[in-house]
Amino acid sequence: MAAPRMASWTYAEEFITPAEVVEQATLRGEGLGCTPVPSSVGATLRLLAAAVAARHVVEIGTGAGASGLWLLEGMSPDGVLTTIDAEPAHQRAARQAYAAAGVPPQRTRVIGGDAAQVLPRLTDGAYDMVLVDADKDAYPVYVEQAVRLLRSGGVLAVDNMLWQDQVADPAARDETTVTLRDLGKQLREDERLLPCLLPAGDGLFAAVRR
Ligand SMILES: C[S@@+](CC[C@H](N)C(=O)[O-])C[C@H]1O[C@@H](n2cnc3c(N)ncnc32)[C@H](O)[C@@H]1O
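A brief structural summary. Keep in mind that this is a model prediction, so the values were computed, not measured.

Some words on a nonpolar patch on the surface
Step number 1: On the surface, a nonpolar cluster with roughly 330 Å² of combined accessible area is contributed by Met 1, Met 6 and Trp 9.
Step number 2: Residue placement: Met 6 occurs in helix α1 (residues 3-13).

This is the structure in structure tokens:
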């Protein structure tokens, strides 16, 4: 990347300053090793949630709560975030982050367990937005569940779809990269979706469910 282009990219990445509570959750997430979304992705999630006045959102991969706080800020004030994570320590951190941000307890539903087991229990077409940000090798399963959960006009967001700059490199053939590269192409062709791929953070795929 040419230097001015790189400078523009960095400028855009740092354009939105996260709230203090989001910064704290981000630091906590980094400490726990559950890579939180950067502010460019968080602000995009907040915007998407606000654009559809989201009242019912599913998040796959709670982490320490950073992405959830971005989503909650964009959602309707009475909106409920259903968030799933397999790690109790991450869930505890997320609950603390929501409380520190003054989020009323009834606005979050934190579900523990393997997302592949939890998602089939959620209702078809009942959600305004779904964020996928958990174990990458299971993304194809999560995305198929997400499309089922979304109402018409709802938003699908999938993080890490450029996967550490590996997806765009045809020489990169490791399993995770191939899974995410193939998934991106499959989603691009999916007639149920209006897709785009944003180069924010590690790559945010976003689509509207037709
Ligand atoms: C990248 S972190 C999520 C970061 C969070 N979305 C944020 O931006 O603050 C991925 C999370 O997925 C969780 N996870 C990994 N495998 C999972 C699974 N099979 N089911 C549910 N959660 C899982 C991890 O425990 C981790 O907290």
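What follows continues from the structure just given.
Observations concerning helix α5 (residues 88-100)
Step number 1: Compared with the 18 Å implied by 1.5 Å per residue over 13 residues, the 18 Å span of α5 between its first and last C-alpha is a close match.
Step number 2: Listed in full, the buried residues belonging to α5 are His 90, Gln 91, Ala 93, Ala 94, Ala 97 and Tyr 98. Viewed along the axis of α5, the buried residues span an arc of 160°, placing them on a single side of the element. Turned more than 90 degrees from where α5 packs its buried face, Arg 92, Ala 99 and Ala 100 sit exposed.
Step number 3: Looking at the buried residues of α5, the elements they touch are α2 (20-32), β1 (56-60), α4 (66-74), β2 (80-85) and β3 (108-112).

Details of the layout of surface pockets
Gaps between atoms show up when a probe of the same size as a water molecule is rolled over them.
Step number 1: Taken as a whole, the largest pocket encloses approximately 580 Å³ of empty space.
Step number 2: Along the wall of the largest pocket there are 33 residues; nearest its centre are Cys 34, Thr 35, Asp 133, Ala 134 and Lys 136.
Step number 3: Listing elements by their share of the lining of the largest pocket, those giving two or more residues are α2, α4 and β2.
Step number 4: Across the lining of the largest pocket, the residue classes break down as 14 nonpolar, 12 polar and seven charged.

Details of a negative patch on the surface
Step number 1: On the surface, Asp 114, Asp 135, Asp 137, Asp 174 and Glu 175 cluster together to form a negatively charged patch.
Step number 2: For Asp 114, the location among the structural elements is in the loop between β3 and α6 (115-118).

Regarding the packing of helix α7 (residues 139-149) against helix α8 (residues 175-189)
Helices that pack against each other are described as a pair by the angle of their axes relative to one another and the distance between those axes.
Step number 1: Close contact between α7 and α8 brings their axes to 10 Å; oriented N to C, the two are set at 25°. In terms of orientation, α7 lies roughly parallel with respect to α8. Along the contact surface, α7 presents Tyr 139, Pro 140 and Val 143, while α8 presents Thr 179, Leu 180, Leu 183 and Leu 187.
Step number 2: Partitioned by chemical class, the residues of the contact of α7 with α8 number six nonpolar, one polar and no charged.

Regarding the sheet that holds β2
Step number 1: Strand order in this open sheet of seven strands is β3-β2-β1-β4-β5-β7-β6, and the pairing throughout is mixed. Where the open sheet ends on each side, the last strands, each with one partner, are β3 and β6 (193-198). Pairwise comparison of adjacent strand axes, ignoring direction, gives a mean angle of 15° for this sheet.
Step number 2: When strand β5 (residues 150-159) meets strand β7 (residues 204-209), the two strands line up antiparallel, connected through five bridges. Counterpart to Ala 157 in the pairing with β7 is Ala 206.

Scoring rules and cut-offs
- Residues numbered from 1 in each chain as written.
- Predicted model: local features only at pLDDT ≥ 70, side-chain atom pairs only at ≥ 80, totals over all residues.
- Heavy atoms only, no water.
- Patch = residues over 30% accessible without salt bridge, like charges linked within 9 Å, V, L, I, M, F, W, Y side chains within 5 Å.
- Areas by Shrake-Rupley, 256 points an atom, 1.4 Å probe, with all protein chains shown as cover.
- Salt bridge = Lys/Arg side-chain N within 4 Å of Asp/Glu carboxyl O.
- Helix = DSSP H or I, 4+ residues; strand = E, 2+ residues; numbered from the N terminus.
- Expected span 1.5 Å × (residues − 1).
- Buried < 20%, exposed > 50% of the residue type's maximum accessible area, 1.4 Å probe, protein only.
- Arc of directions from axis to C-beta.
- Contact = heavy atoms within 4.5 Å.
- 1 Å grid on protein atoms, 1.4 Å probe; cavity = no way out; pocket = protein on both sides within 12 Å on 5 of 7 lines; lining within 4 Å.
- Points joined across faces, edges and corners; volume = space filled by probe spheres on them.
- Nonpolar A, V, L, I, M, F, W, Y, C, P; charged D, E, K, R; others polar.
- Lys, Arg positive; Asp, Glu negative; His and termini not counted.
- Charge placed at Lys NZ, Arg CZ, Asp CG, Glu CD.
- Axes fitted to C-alpha atoms, helices over the stretch in contact; angles between N-to-C directions.
- Parallel < 35°, antiparallel > 145°, perpendicular 65-115°, else oblique.
- Pairing = 2+ DSSP bridges.

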